[in-house]
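These are the residues of each chain, in order.
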Amino acid sequence: DITTACQLLEQADDNDSSSNASASANVKSKNKTVEYKRIKAKLLVNLGRCDEAVQEYKSLNEVNTDATTCATITTAALELYHQQSDWSTAISHFDNILTNYATLGDTPDLLYMKSQAEYNVGDYYGAISDTGKILKSYPQHLEAYQLRGEAYFRLNEMDMAQKHFREGLKLDPEHGGCKEGHRLLKKVTKNDKRGDVAFDTGEFLKAIDHWWMAMNVDISHMAFVRPTLLKVVKAHMALKDYTKAEEECMKHINNQESVQGLHLLGEVQSSAEKYNEALRTYQRALEIAPDDQKQQCKRKVEQAQVALKQSTEKNYYKILSVPRNAKLKEIKKSYRELALQWHPDKNTDNKEKAEQMFQDISEAYEVLSDKELREKYDRGEPVFENQGGGGQQRHHMNPNQFFHQNFHQGGGGGGGHQQRHHFRWG
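Residues numbered from 1 in each chain as written. Predicted model: local features only at pLDDT ≥ 70, side-chain atom pairs only at ≥ 80, totals over all residues. Heavy atoms only, no water.

**Q** Explain the layout of surface pockets to me, and be specific about the residues and the numbers.
**A** In this model, the second largest pocket occupies a volume close to 370 Å³. As for the second largest pocket, its lining consists of 15 residues, of which K300, Q303, R324, N325 and D378 are closest to the centre. Secondary-structure elements contributing two or more residues to the lining of the second largest pocket are α14 (259–271), α16 (294–310) and α20 (371–378). Top contributing element to the lining of the second largest pocket by residue count: α16, with four residues. In terms of residue class, the lining of the second largest pocket is made up of five nonpolar, four polar and six charged. (1 Å grid on protein atoms, 1.4 Å probe; cavity = no way out; pocket = protein on both sides within 12 Å on 5 of 7 lines; lining within 4 Å. Points joined across faces, edges and corners; volume = space filled by probe spheres on them. Helix = DSSP H or I, 4+ residues; strand = E, 2+ residues; numbered from the N terminus. Nonpolar A, V, L, I, M, F, W, Y, C, P; charged D, E, K, R; others polar.)

**Q** Explain the packing of aromatic side chains to me, using residue names and the numbers behind them.
**A** Counted under the stated rule, the structure contains eight aromatic pairs. Aromatic pair Y81 and F94: ring centres 6.5 Å apart, planes at 80°, arrangement edge-to-face. One end of the pair, Y81, is in helix α4 (residues 65–83); the other, F94, is in helix α5 (residues 87–100), and 13 residues separate them in sequence. Members of the aromatic cluster, joined through ring pairs, are Y81, W87 and F94. (Phe/Tyr/Trp six-rings, centres within 6.5 Å; stacked < 30°, edge-to-face > 60°.)

**Q** Help me get a handle on the state of the cysteines, residues and values and all.
**A** Enumeration over the complete set of coordinates arrives at one disulfide. Residue C50 pairs covalently with C70 via a disulfide, S to S 1.9 Å. Between C50 and C70 the sulfur-sulfur dihedral comes to about 60°; the bridge is accordingly right-handed. Of the two residues, C50 sits in helix α3 (residues 50–59) while C70 sits in helix α4, which places them 20 residues apart along the sequence. Here C50 matches C70 in class, with each residue buried. (Disulfide = S-S within 2.5 Å. Buried < 20%, exposed > 50% of the residue type's maximum accessible area, 1.4 Å probe, protein only.)

**Q** Describe the packing of helix α6 (residues 108–120) against helix α8 (residues 142–154), and please don't skip the residues or the numbers.
**A** It is the contact of α6 with α8, at a shortest axis distance of 11 Å, that shows an interaxial angle of 20°. Taken as axis vectors, α6 and α8 run roughly parallel relative to one another. Crossing hand, α6 versus α8: left-handed. Contacts from Y112, S115, Q116 and Y119 of α6 reach α8 at E143, A144, L147, E150, A151 and R154. Classifying every residue of the contact of α6 with α8 by side-chain character gives five nonpolar, two polar and three charged. (Axes fitted to C-alpha atoms, helices over the stretch in contact; angles between N-to-C directions. Parallel < 35°, antiparallel > 145°, perpendicular 65-115°, else oblique. Left-handed = near helix turned anticlockwise from the far one by under 90°. Contact = heavy atoms within 4.5 Å.)

**Q** Explain the pattern of salt bridges to me, and be specific about the residues and the numbers.
**A** With the rule as written, the count across this model stands at 29 salt bridges. With its nearest N and O atoms 3.2 Å apart, the salt bridge here joins K309 to E313. For K314, the salt bridge goes to D360, with nearest N and O atoms at 3.0 Å. Of this pair, K314 sits in the loop between α16 and α17 (316–320) while D360 sits in helix α19 (residues 351–368), and the two are 46 residues apart along the sequence. Residue K314 is classed as buried on the basis of its relative accessible area of 9%. The exposure class assigned to D360 is buried, which follows from its relative accessible area of 11%. Several salt bridges converge on common partners, so that one network encompasses D95, K114, E118, D130 and K133. (Salt bridge = Lys/Arg side-chain N within 4 Å of Asp/Glu carboxyl O.)

**Q** Please give an account of the side chain of H182 that cites residues and values.
**A** Along the chain, H182 falls in helix α10 (residues 176–200). Taking relative accessible area as the criterion, H182 reaches 15% and is therefore assigned buried. Of the polar contacts made by the side chain of H182, one reaches the side chain of R166; its length is 3.4 Å. (Polar contact = N/O pair within 3.5 Å; in protein donor to acceptor, adjacent residues only side chain to side chain.)

Structure, rendered in structure tokens:
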């Protein structure tokens with residue numbers, strides 16, 4: 001242990017100083033004491049205790065450049081640290097000391113101050129690395145557990161954050177920093193999970209409410225807020241509130257553009273039938289995409305070009321009022337509802353329009369419910385053999401036969417498909 005070595009040198013120094021058996025022995029003793037003091041001063045520098053090292057050299061009427069320089073840098077670092085200003089320069093000073101002077105590694109105080117400075121400039125990985133070094137040598141360092149937990153929390157690594165707060169609370173159940181960190185973490189994760197459950201059960205307004213409660217715990221926590229905003233966007237899309245969905249998606253993008261955010265905005269714009277805007281959004285995503293995402297982004301642009309072209313023709317997604325990424329279950333549900341609504345037998349006062357709508361609805365469902373036909377349609381290819389030139393005569397089956405065939409498969413008349421969710425606040 002290096003600190004113990006310094007203590008032993010101190011004892012040796014005292015013992016040699018008290019030895020006066022003879023003049024010759026006294027000279028030898030003094031020479032030995034000087035050597036011990038030099039060794040001790042050097043060890044103090046290597047421990048980062050440079051002010052003490054300077055004092056040792058002064059007692060010998062000596063000046064050591066390493067000790068003096070290290071002490072000057074340490075003083076500057078501590079001033080910035082206590083002033084809580086210019087954290088970046090403080091980090092640079094601490095790094096200089098730890099790299100070039102305090103090379104023995106037993107420097108928990110310097111490492112902790114550097115970790116705090118790293119946390120304050122948003123270098124959470126740096127803070128995690130340096131507090132990890134502290135805990136390796138000092139596994140009961142409560143402040144290191146707290147700071148490491150907070151750094152993981154800021155990175156949205158909630159499980160690791162919880163682990164470190166709990167480790168600290170095992171050592172001291174009343175530790176204020178770990179208690180507060182654990183409380184905030186639970187508040188965020190509890191509401192986030194409730195939002196996920198509500199979304200999965202179709203309670204989209206409740207999901208949005210829970211996610212906003214989670215975000216409002218700390219709205220500056222971008223590592224959590226940014227992905228959660230995208231979940232809020234998807235909930236508004238599920239409610240077909242595309243205006244609000246676009247507004248929330250722009251919050252994500254205005255904070256920082258991302259391929260994921262731009263792609264979701266493109267989906268929102270396509271669902272709102274803003275096909276030109278959607279195409280521009282997908283093109284922007286392609287511009288900023290890293291190389292490993294270029295192909296995916298190119299496909300999105302191509303799909304947007306097809307959607308724009310189809311928007312001037314018969315648009316099957318629009319006919320069925322479903323988004324382009326709709327699942328088969330959603331397509332089938334919409335078809336049943338619209339087919340019932342526009343069945344000619346229920347629209348005797350406007351039979352000609354009803355027949356056309358009924359045929360379009362059946363044709364759209366025939367294409368979108370068939371995997372192969374839907375893929376062709378999404379690529380902008382003709383889906384029927386006799387289709388061409390943008391003509392409208394595409395349907396291959398009698399709409400009434402098609403209607404009865406589908407309504408007698410899995411719950412005729414859609415009896416079990418007419419449920420609606422009713423939401424309440426409070």
